[in-house]
Structures are given as structure tokens and as C-alpha cells.
Amino acid sequence: MGEVDPAFIQEPEHRPKVSPIEAEGIPVIDLSPLINKTFADSSAIEGLVKEIGSACKEWGFFQVINHGVPLSLRQNLEEVSRNFFAQSSEEKRKVGRDESSATGYYDTEHTKNVRDWKEVFDFQAKEPTLVPVSSDEDDDRLAEWTNKSPEYPPNFRVVIQEYIQEVEKLAYKLLELIALSLGLEAKRFDEFFIKDQTSFIRINHYPPCPYPHLALGVGRHKDGGALTILAQDEVGGLEVKRKTDQEWVRVKPTPNAYIINVGDIIQVWSNDAYESVEHRAMVNSEKERFSIPFFFNPAHDAEIKPLEELINEQNPAKYRPYKWGKFLIHRKNTNFKKQNVENLQIYHYKLA
């Protein structure tokens, strides 16, 4: 889930010699009271808010069940994804990503993350998606990202769009619960997403890897956006760094559930009350694996800083403001050009 920081790639990091702990402790939260709109039972909603707050604080990750996203849409997306990735490299690269377009297909042969073992298709939630032309603070020009669609399977675009509509609804519901858990108004975060959001969906395909001790599905990283909603297949492979002891723990697949993690933006908004946590994906020597994260990201012109309601003299702001679009473009540019400096991280905006 997310782009990999080159600093993480430089250090040796192979499959653990000892099997990672099965992450039974990652909370599984039942959203039935929210989805079924049983607001008459205020205690059920309060319980949900408490569960969400605890999960965000202790893990930065949780799973949700009874989330309201129709299973049929997820199954349809998985089917068209398998059909697309089963094609030849030549066919897939006809809709390839490049420096001028952040959408479409790419594999690890065409990025600097050479130790990642996967191929990917990115698709923007809003079309066109407005983003800055460059990360230069003095450059006000905007670009429009549009989606690429393969000729096969022919229903690829429609299936993805239908899925995005439903998972976006879930994202807004989760943001409401997170806002309430921080003592904010339920709709506090909506203003950042209602217009010109930069959200996108990523379809990850991890082929069987003959050298699993030498590669990762994706290296350890934190997600730079606000919220990630991940559909993981039964093969699994996601591992999370547990906050209490910094051990890598594997997230056990829960049928039809979504895995949720807070990103860097929520860490900044919450002024470190909630933390974006490192995670990675392991490869499998025998089975292919699919995962489909939806990255819920604000508009390009959103100013990201600790929320005023959450800071005071005893708890002053811990970050200086930054523009999300400039941050995003800086990250995207480093996918194609090796940098002499560390990739941009939110701790670069940390106040002393």
C-alpha cells in the first residue's frame, strides 16, 4: 500500500528468518450499526467510535466487516484484474504509466524500486484529477490526470468506477468515525475531499516469486495520504510493524473484510494523536497474490496542518503547514528519478 521510500530500500530487509507473529491483535470492527443506520441506539455508535479511536491509537490499522460495500463489486473487480494481468507484457504496457501520466500500468522493471516484486495498475477516482505541474512552491500551474483503460477486458473501466463509488462511501463513513473519536464534528474532514480530491485505486498483482528471501512484494513504507482501504485476497502477505515492540506482524486475511490504515495526513491533522504506521507486503513462492488499496486523498490545494481544535498551549502544533498537491507531486517525481536526498516525509515538516 503506497509508494516506497528509497531510504528504506537501501538497508537490507529480507523475509524474516523466523515467521512473523500472526496479527490476531489487529482489531476487527463490525460496522453494522453505522451501515444499517441504527442511530436510535446511540450506545452502539459510541461503541464504534471508541473502537475506532483505540485501533487508530494503538495500531494505526484495523479491519472492518459488514461495511456496506457489495461483495459482487469486489468480485467483479478481482475478475477483471486477473484477466488484465494475465495478458502479455506487450499488451499491458500499451496502457503504461510514464512521467506525464500517473495512471495506468507499470511493473518493477520500470521503477527504481528494484527489490519490489509486483506489477500495478493505477486509476484515479476523479477524472480529470487536478494536480500541480511541479513541486516548486512558486509554480501555480495545474495539470490534469486522466485515466487509461485497456482494450481488454472491455468492461475494465466500468467495473472500476462502480467499485470506487461504493468504497468512497465507506471512506467518508470511516472519516466520520475517526473525527468523532478525536472529539471533532463528524463532518470535520469532508471539506478537504468534497471538491477536487486526488484519491485513486491501485490494483497490485504479485506473481509467485522463485526467490522470496531476496524480494518483497512492496518494501516497508508509510502511506502519505489520509486513509487507505485495502482489499486483500486469501493468500495474504501484509505485515504491520507493531507499535508496542516494533515487531513485524502478519495481518491474517478475514473473508470479505477491508483492512484500514490511517495515513500521514491524519497523523498531522491529529497532531500525532494517531500515527501512520509502517507496513510491507511479502511475496509467495507458490501462489500469485492480488491486493486492491483505495487511497483516499484530499484536494491538491488542501493545506495540511494540525487542526486548530486539537492544539493549545499544553499541546502546541507539532508540524508546519504544507500543501498536499506539492507533497504528492514530489513523491510521484521520485518514482522515475533517483534523488540524491531522502524522499519527502512528514517529519521534514516537524517543528522543533
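It should be emphasised that the depicted structure is a prediction, and the values quoted were computed from it without experimental measurement.

> Explain the confidence of the model for the chain residue by residue, including any values.
Summing up the model confidence of the chain, the mean pLDDT is 88 and the portion of residues at 70 or higher is 86%. This stretch, residues 1-23, has a pLDDT under 50; its non-local contacts, to residues over four places away or in other chains, come to 74 contacts.

> Account for the packing of helix α3 (residues 42-58) against helix α6 (residues 156-181), naming residues and giving values.
Two elements in contact, α3 and α6, have axes whose closest approach is 8 Å; the angle formed by their N-to-C orientations is 85°. When the interaxial angle is binned, α3 and α6 end up roughly perpendicular. On α6, the residues that touch L48, V49, I52, G53 and C56 of α3 are L177, I178, L180 and S181. Considered class by class, the residues forming the contact of α3 with α6 number seven nonpolar, two polar and no charged.

> Give me the pattern of salt bridges: which residues, what numbers.
Where charged atoms of side chains with opposite charge meet at close range, the side chains can pair. Throughout the structure, instances matching the rule amount to 24 salt bridges. Here D98 and K148 are joined by a salt bridge, their closest N and O atoms 4.0 Å apart. Taken together, the residues D98 in the loop between α5 (89-92) and β4 (104-107) and K148 in the loop between β7 (142-145) and α6 connect sequence positions 50 residues apart. Of the residues examined, D98 reaches a relative accessible area of 32% and is grouped as partly exposed. Between D245 and R242 there is a salt bridge, and its shortest N-O distance comes to 2.8 Å. D245 gets classed as partly exposed once you look at its relative accessible area, which sits at 36%. Classification of R242 by relative accessible area gives buried; the value is 18%. A network of salt bridges, in which partner residues are shared, links R188, E191 and E309.

> If you had to explain the pairing of strand β11 (residues 238-241) to someone new, which residues and values would you point to?
Burial of β11 is two-sided: the residues L238 and V240 facing one way and the residues E239 and K241 facing the other way are all buried. When β11 meets strand β14 (residues 279-281), the two strands line up antiparallel, connected through three bridges. Across the sheet, residue E239 finds its bridge partner in β14, namely R280. By the bridge criterion, three bridges tie β11 to strand β12 (residues 248-250) in an arrangement that is antiparallel. The partner of K241 across the bridge, within β12, is W248. Remark: six residues form the turn of the hairpin made by β11 and β12, two consecutive strands paired antiparallel; Q246 in that turn has positive phi of roughly 65°.

> Could you give an account of the nonpolar core, naming the residues involved and the relevant values?
Counting residues in each nonpolar core, the largest one holds 75 residues, and the members touching the most others are I178, F189 and W269. Per-element accounting of this core gives the leading share, 14 residues, to α6. In this structure F189 touches L175, I178, A179, L182, L184, W269 and L307, once residues within four positions along its chain are discounted. L238, V240, V249 and V277 belong to the second largest nonpolar core, which has 10 residues in total.

> Lay out unusual backbone geometry with the relevant residues and their values.
Of the consecutive residues E127 and P128, the connecting peptide bond is found in the cis state with omega at 0°. The omega torsion across Y152 and P153 is -5°, close enough to zero to call that bond cis. We note that D272 has phi near 75°; this positive angle belongs to a residue other than glycine. The residue D272 is located in the loop between α7 (264-269) and β14 in this model. Residue D272 is classed as partly exposed on the basis of its relative accessible area, which comes to 24%.

> Describe the side chain of R74, with residues and values.
Tracing the chain through its elements places R74 in helix α4 (residues 71-85). Discounting chain neighbours no more than four positions away, the residues touching R74 are Y163, A231, Q232, N256, A257 and Y258.

> Tell me about the environment of E239, residues and numbers included.
Looking at the element boundaries, E239 is found in strand β11. Overall, E239 belongs to the buried group, its relative accessible area being 0%. Taking the C-alpha atoms as reference points, E239 and R220, separated by 19 residues in sequence, lie 9.0 Å from one another. Within polar-contact distance, the side chain of E239 engages the side chain of R250 at 3.0 Å.

> Describe in detail α4, supporting the description with residues and values.
Between the first and last C-alpha of α4 there are 21 Å, a value that for 15 residues agrees with the 21 Å anticipated at 1.5 Å per step. Taken together, the buried positions of α4 are occupied by L73, R74, L77, V80, S81, F84 and F85. Each buried residue of α4 lies within a common arc of 130° when the element is viewed along its axis, so the set occupies one face.

> Tell me what's going on with the sheet that holds strand β2 (residues 28-30), and back it up with residues and numbers.
Read across the sheet, eight strands follow the order β2-β3-β13-β10-β15-β8-β5-β4 without closing on themselves; strand pairing throughout is mixed. One side of each edge strand has no neighbouring strand; the edge strands of this open sheet are β2 and β4. In this sheet, adjacent strand axes meet at a mean angle of 25° when their direction is disregarded. When strand β8 (residues 200-206) meets strand β15 (residues 289-296), the two strands line up antiparallel, connected through five bridges. Residue I201 lies in a different strand from β15, and its bridge partner there is F294. Packing of α4 onto the sheet brings it into contact with β4, β5 (119-124), β8, β10 (227-232), β13 (258-262) and β15, and relative to β15 it is tilted by some 120°.

What counts, and where the lines are drawn
Residues numbered from 1 in each chain as written. Predicted model: local features only at pLDDT ≥ 70, side-chain atom pairs only at ≥ 80, totals over all residues. Heavy atoms only, no water. pLDDT = per-residue confidence, 0-100. Contact = heavy atoms within 4.5 Å. Axes fitted to C-alpha atoms, helices over the stretch in contact; angles between N-to-C directions. Helix = DSSP H or I, 4+ residues; strand = E, 2+ residues; numbered from the N terminus. Parallel < 35°, antiparallel > 145°, perpendicular 65-115°, else oblique. Nonpolar A, V, L, I, M, F, W, Y, C, P; charged D, E, K, R; others polar. Salt bridge = Lys/Arg side-chain N within 4 Å of Asp/Glu carboxyl O. Buried < 20%, exposed > 50% of the residue type's maximum accessible area, 1.4 Å probe, protein only. Pairing = 2+ DSSP bridges. Core = buried A, V, L, I, M, F, W, Y, C linked by side-chain atoms within 4.5 Å. Polar contact = N/O pair within 3.5 Å; in protein donor to acceptor, adjacent residues only side chain to side chain. Expected span 1.5 Å × (residues − 1). Arc of directions from axis to C-beta.

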